Amino acid sequence: MTDGFTRDFDGRVAWVVGASGALGGATAQALARQGATVVLSGRNTDALKALAEEIGPQAETLPIDIADDSSVRAAADLVAAKHGRIDFLVNSSSVSVFGDFLSLTDEDWLNVFNAKHLGYVRTLRATIPHMIAAQFGRIVNVSGRGGQHPSRIHLPGGSANAAVDLLTKGLSKIYAEHNIRINAVSPGPIRSPRLAAMQGAGRPAKGPVLGDGQPDDVADAVLYLLSERSRFITGAALQVDGGGPGLG
Ligand SMILES: NC(=O)c1ccc[n+]([C@@H]2O[C@H](COP(=O)([O-])OP(=O)(O)OC[C@H]3O[C@@H](n4cnc5c(N)ncnc54)[C@H](OP(=O)(O)O)[C@@H]3O)[C@@H](O)[C@H]2O)c1
């Protein structure tokens with residue numbers, strides 16, 4: 001990335017939710033490399049601390065459970081009070097619940113939606129008022145290819161991804177007047193523990209035409225959508241899926 005790109009991040013404050021995960025972690029590292037202060041959230045305090053140590057003084061940890069609205073609101077208020085603003089919000093959380101439709105329970109579906117779509121609703125609801133106050137905000141919601149291309153074992157996650165893309169589009173229209181841009185990044189298979197879990201649960205072997213992606217491929221797309229290089233883009237869902245599976 002060039003110096004002009006760095007200017008968009010230097011001194012800015014980014015809240016990365018799901019930073020203890022593979023894609024959120026890579027995104028937090030990429031943001032810090034461009035000069036942003038990164039606030040790392042998730043539930044696993046050890047993983048958050050390890051990442052913060054790797055990143056250095058630009059990183060701080062803020063453990064939250066995004067299933068708990070009061071914890072999310074308190075966290076957003078804390079970041080805004082400490083730093084004076086929240087410039088960037090990256091939502092990159094999920095739980096790995098895979099299985100045949102008839103075997104999945106209400107609890108499975110609720111867990112998935114709480115960790116993803118409803119979790120994103122909570123962080124967005126807590127963060128957007130601070131962005132309105134600043135008349136500046138850039139948000140990326142990580143959704144997933146399963147939101148457009150259903151998978152037999154991933155219908156709860158895929159449904160949550162589709163809901164995230166729709167939420168992103170709707171909010172982008174509502175908050176554009178406050179200089180808040182909101183986009184989604186929709187990854188295909190990315191080399192990560194989550195992909196390994198999906199493959200273990202029987203995900204079909206046919207991969208993308210460009211092969212599996214890496215967490216940095218997603219991080220690069222997120223940073224592009226947070227940067228001013230994408231100044232005319234809001235409400236988009238950028239597919240980072242290696243072109244998807246080949247034609248039969
Ligand atoms: N990896 C892929 O191939 C792939 C493909 C398509 C889409 N995606 C999407 O990309 C995003 C990131 O995926 P990933 O591979 O990085 O997944 P991951 O490694 O499993 O990370 C998931 C993150 O979500 C957090 N999380 C889950 N429940 C939470 C809760 N209740 N409160 C707070 N944090 C919570 C986890 O934090 P704690 O464990 O610390 O709570 C972790 O940081 C997800 O939305 C996923 O659906 C991934």
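Anyway, here's the lowdown on the structure attached to this text. (Residues numbered from 1 in each chain as written. Predicted model: local features only at pLDDT ≥ 70, side-chain atom pairs only at ≥ 80, totals over all residues. Heavy atoms only, no water.)

Let us now look at the sheet that holds strand β2 (residues 37-41). Overall, parallel pairing links the 7 strands, which are arranged β3-β2-β1-β4-β5-β6-β7 in an open sheet. Pairing within the sheet leaves two strands with one partner each, and these edge strands are β3 (59-61) and β7 (237-240). In this sheet, adjacent strand axes meet at a mean angle of 20° when their direction is disregarded. Examined bridge by bridge, strand β5 (residues 137-142) and strand β6 (residues 180-187) share 6 bridges and lie parallel to one another. Each residue of the ladder has a partner; that of N141, found in β6, is A184. (Pairing = 2+ DSSP bridges. Helix = DSSP H or I, 4+ residues; strand = E, 2+ residues; numbered from the N terminus. Axes fitted to C-alpha atoms, helices over the stretch in contact; angles between N-to-C directions.)

With respect to spatial proximity, 28 residues lie near the ligand, and among them S20, R43, N44, S93 and K116 are the closest. Contact between the ligand and L23: an oxygen atom at 2.8 Å from a main-chain N or O atom of the residue. A distance of 2.6 Å separates an oxygen atom of the ligand from a polar side-chain atom of R43. About the coverage of the ligand: the protein hides 89% of its 890 Å² of free accessible area. Taken together, the residues of the shell around the ligand break down into 12 nonpolar, 12 polar and 4 charged. (Near = heavy atom within 4 Å. Polar contact = N/O pair within 3.5 Å; in protein donor to acceptor, adjacent residues only side chain to side chain. Areas by Shrake-Rupley, 256 points an atom, 1.4 Å probe, with all protein chains shown as cover. Nonpolar A, V, L, I, M, F, W, Y, C, P; charged D, E, K, R; others polar.)

Right, let's talk about the pattern of salt bridges for a bit. Inspection of the entire model under this criterion finds 9 salt bridges. The partner of D69 in a salt bridge is R73, with the nearest N and O atoms 3.0 Å apart. Of this pair, D69 and R73 both sit in helix α4 (residues 69-83), separated by 4 residues, roughly a single helical turn. Notably, a salt bridge pairs D87 with R85, separated by 2.9 Å at the nearest N-O pair. Since its relative accessible area comes to 28%, R85 is described here as partly exposed. (Salt bridge = Lys/Arg side-chain N within 4 Å of Asp/Glu carboxyl O. Buried < 20%, exposed > 50% of the residue type's maximum accessible area, 1.4 Å probe, protein only.)

This part is about the nonpolar core. Of all hydrophobic cores here, the largest spans 33 residues; its most connected members are F9, L31, V38, L40, I55, V185 and L226. Going through the elements one at a time, β1 (13-17), α2 (22-33), β2, α3 (45-55), β4 (88-91) and α9 (215-226) are the ones with two or more residues in this core. Setting aside its immediate chain neighbours within four residues, L31 contacts F9, A14, V16, A36, V38, F88, V90, L223 and L226. In terms of nonpolar packing, the next biggest core, distinct from the first, is built from 27 residues, V72, I86, Y120 and I182 among them. (Core = buried A, V, L, I, M, F, W, Y, C linked by side-chain atoms within 4.5 Å. Contact = heavy atoms within 4.5 Å.)

Residues F88 and V90 line one face of β4 and the alternating positions L89 and N91 line the opposite face, and both faces are buried. Note: β4 against β5, 4 bridges, orientation parallel. Its bridge partner lying in β5, F88 is registered against R138.

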